[in-house]
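Given next are the chains, with one letter for each unit.
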Amino acid sequence: MVGGVQLGVLAACVVLFVPMGMAGWHLSRNKMLFFSGALFITLAVGVHLTPYFPSIYDALSSLSSSVDRTSSRDSCISFLHDISFLHKSDNYSSVDYAWANSPPVLACDFQRLGRSDASDLLNGSWVVVAGDSQERLMALSLLSLVLDSDDMEVVKGDLFKRHSDYRIVMGQIGMKLDFIWAPYVANLTGLMTELKRNGNYPDVLVMGSGLWHMLHITNSSDYGVSLQLLRNLVVSLAPISPSLTGGSGSVSIRSPHFFWVGMPRLINSMLNTEEKRVKMSDAMLSAYDTELYQSKLLRQWGGGPLILLDVESLGRNCGTSCTVDGMHYDGIVYEAAVHVMLNALLIESHQKL
């Protein structure tokens, strides 16, 4: 190996300095041409010598593969919602779903996780789901995936107590889930403030808000301001917290995986009160979605810290038969959203089950 390096260096010297000397002799009056030729030859020699120096070669290869992995990860995140819902012809109320059968989606190898795989992925995790009835349905679908039917009967009764929090610890997989009733963005900001003050963060944080604000406040600009405040607080969650060491040092904190549950597609004619039909119009939903887009809270829209779980697009793909009140959808839609989230976790944590 040493002999190869010496031979390579000797060849490089010949290739580099002989042409440069000749160029200097004949082109002494054209310094620009001389230095351009010298730069070109130097770069060419550098490329040929790189394999003889493993540390340089490995560093360049590592950088290239890191860029490729990041690009692939971001690309797959963007395809997560390419889901079609399949209504069985003999029973229109029976619905299933699958990811699109297109080359880029197939390359991402998305998976519908079974109970065992979902339990392995979430083993030892603390999951916090915060928001209104949409997020409550997300929590229900997630629990349905990791618990058996007998346990779920008990969970449903407790989880759906009106406007209340809920906590469950699943000792068999070491997973803890907290549902926090937080119908307004201000409630989510308060939750984030509390988590930051305590210096104790969940592994997965799923949150969303907007329907209550649209119905009771009906001011998209005010909604946008509250989203900006929330974004600033989430971004400020540093992975190092001096407060945990009394200011004398720092302790590393693992950053949570953040998700935002988008508002559902609203079917105005199916909303169950006149107030909802007036205030929760298509135009108002569009205005609220615009504020969410402009807040740069979401990774898909502006490189923000939260990954969108797009219940609106999933509900649209499932169709009007998947909702009875124009706002809350059948469990299959939230199940699909949960699998979008789980696949995003696999991508973010570089895991494959």
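All values reported here derive from a predicted model rather than from experimental measurement. (Residues numbered from 1 in each chain as written. Predicted model: local features only at pLDDT ≥ 70, side-chain atom pairs only at ≥ 80, totals over all residues. Heavy atoms only, no water.)

## Overview of the packing of aromatic side chains
As a reminder, the rule being used: Aromatic pairing here means that ring centres of Phe, Tyr or Trp (its six-membered ring) are within 6.5 Å. Orientation follows from the plane angle: under 30 degrees is stacked, over 60 is edge-to-face, and everything else is tilted. For helices the rule is a DSSP run of H or I covering at least 4 residues; for strands it is a run of E covering at least 2, with both sets numbered from the N terminus onward. Three labels apply to residues, based on accessible area from a 1.4 Å probe with only protein chains included: buried if under 20% of the type maximum, exposed if over 50%, partly exposed otherwise in between. Charge over a ring is defined by NZ of Lys or CZ of Arg lying within 6 Å of the ring centre and within 35 degrees of the ring normal.
Applying the stated rule across the entire model yields six aromatic pairs. Ring plane angle 45 degrees and centroid distance 5.9 Å describe the contact between Phe85 and Tyr97, whose orientation is recorded as tilted. On the criterion of sequence distance, the pair formed by Phe85 in strand β1 (residues 83-87) and Tyr97 in strand β2 (residues 95-99) is long-range, its members being 12 residues apart. The exposure classification of Phe85 matches that of Tyr97, with both residues buried. Here the aromatic rings of Tyr223 and Tyr288 are separated by 4.7 Å at their centres, their planes lie at 35 degrees, and the arrangement is tilted. One end of the pair, Tyr223, is in helix α10 (residues 220-235); the other, Tyr288, is in helix α12 (residues 282-294), and 65 residues separate them in sequence. Of the residues examined, Tyr288 reaches a relative accessible area of 0% and is grouped as buried. Of the aromatic side chains, those joined through ring pairs into one cluster are Trp181, Tyr184 and Trp212. Taking NZ or CZ as reference, Arg112 lies 3.9 Å from the ring centre of Tyr97, over its face. Here the guanidinium or amino end of Lys176 rests over the ring plane of Trp126, the centre of that ring lying 4.5 Å away.

## So, a negative patch on the surface
Rules: To count toward a patch, a residue needs a relative accessible area above 30% and no salt bridge. Like charges then connect within 9 Å, nonpolar side chains (Val, Leu, Ile, Met, Phe, Trp, Tyr) within 5 Å. What sets the accessible areas is the Shrake-Rupley method with a 1.4 Å probe; for residues, cover comes only from the shown protein chains. Salt bridge criterion: a side-chain nitrogen from Lys or Arg within 4 Å of a carboxyl oxygen from Asp or Glu. Note on charges: Lys and Arg go in the positive column, Asp and Glu in the negative column, and His and the chain ends are not counted at all. For the purpose of locating charges, the reference atoms are NZ of Lys, CZ of Arg, CG of Asp and CD of Glu.
The grouping of Asp148, Asp150, Asp151 and Glu153 at the surface amounts to a negative patch. Within the secondary structure, Asp151 is located in helix α7 (residues 149-159).

## As for the nonpolar core
The condition that has to hold: Buried residues of nine kinds, namely Ala, Val, Leu, Ile, Met, Phe, Trp, Tyr and Cys, make up a nonpolar core once their side-chain atoms join them within 4.5 Å.
One finds Phe85, Leu143, Met170, Leu177, Phe259, Val333 and Leu342 to be the most contacted residues of the largest nonpolar core, which totals 62 residues. Residue contributions to this core peak at 13 residues, all from helix α14 (residues 331-348). Among the nonpolar cores identified, the runner-up in size contains 36 residues, and Leu205, Leu233, Met280 and Met327 belong to it.

## Points about the sheet that holds strand β5 (residues 175-181)
Going by this rule: At least two DSSP bridges between two strands are required for those strands to pair. Lines are fitted to the C-alpha atoms to define the axes, a helix being fitted only along its stretch in contact, and any angle between axes, read from their N-to-C directions, falls within 0 to 180 degrees.
The six strands are arranged β4-β5-β3-β6-β9-β10 in an open sheet whose pairing can be described as mixed. Pairing within the sheet leaves two strands with one partner each, and these edge strands are β4 (166-170) and β10 (307-309). Strand after strand, the sheet turns through a mean of 15 degrees between neighbouring axes, direction not considered. Relative to strand β9 (residues 257-261), strand β6 (residues 204-207) runs parallel, the two sharing four bridges. Note that in β9 the partner of Val204 across the bridge is His257.

## Things to note about the pairing of β5
Within β5, five of the seven residues are buried, leaving the element largely enclosed by the surrounding structure. Pairing analysis gives six bridges linking strand β3 (residues 126-131) to β5, with the strands arranged parallel. Bridging across to β5, Val127 finds its partner in Leu177. Taken together, the five bridges between β4 and β5 define a ladder with antiparallel strand orientation. Bridge pairing in β5 places Arg167 opposite Asp178. Joining the antiparallel neighbours β4 and β5 is a turn of four residues, in which Gly174 adopts a positive phi near 65 degrees.

## Some words on the state of the cysteines
Going by this rule: Here, two cysteine sulfur atoms that lie within 2.5 Å of each other are counted as a disulfide.
With the rule as written, the count across this model stands at two disulfides. Paired by a disulfide, Cys76 and Cys108 hold their sulfur atoms 2.1 Å apart. One disulfide, between Cys76 and Cys108, carries an S-S torsion of -95 degrees and so falls in the left-handed class. With Cys76 in helix α3 (residues 54-78) and Cys108 in helix α4 (residues 103-108), the pair connects residues that are 32 residues apart, well separated along the chain.

## Looking at unusual backbone geometry
The phi torsion of most residues other than glycine is negative, and most of the peptide bonds are trans. In this structure, Lys296 is a non-glycine residue whose phi angle is positive, near 55 degrees. Note on placement: Lys296 falls in the loop between α12 and β10. Positive phi is not limited to glycine here, since His350 has a value of about 55 degrees. Mapped onto the elements, His350 comes out in the segment after α14.

## Examining the pattern of salt bridges
One pass over the structure, following the stated rule, counts eight salt bridges. Across the pair Arg112 and Glu335 runs a salt bridge whose closest N-O atoms are separated by 3.2 Å. Taken together, the residues span a long stretch of sequence, with Arg112 in the loop between α4 and α5 (115-122) and Glu335 in helix α14 at a distance of 223 residues. Residue class for Glu335 comes out partly exposed when judged on its relative accessible area of 28%. Of the charged contacts in the structure, one is a salt bridge between Glu274 and Arg277, with a shortest N-O distance of 3.2 Å.

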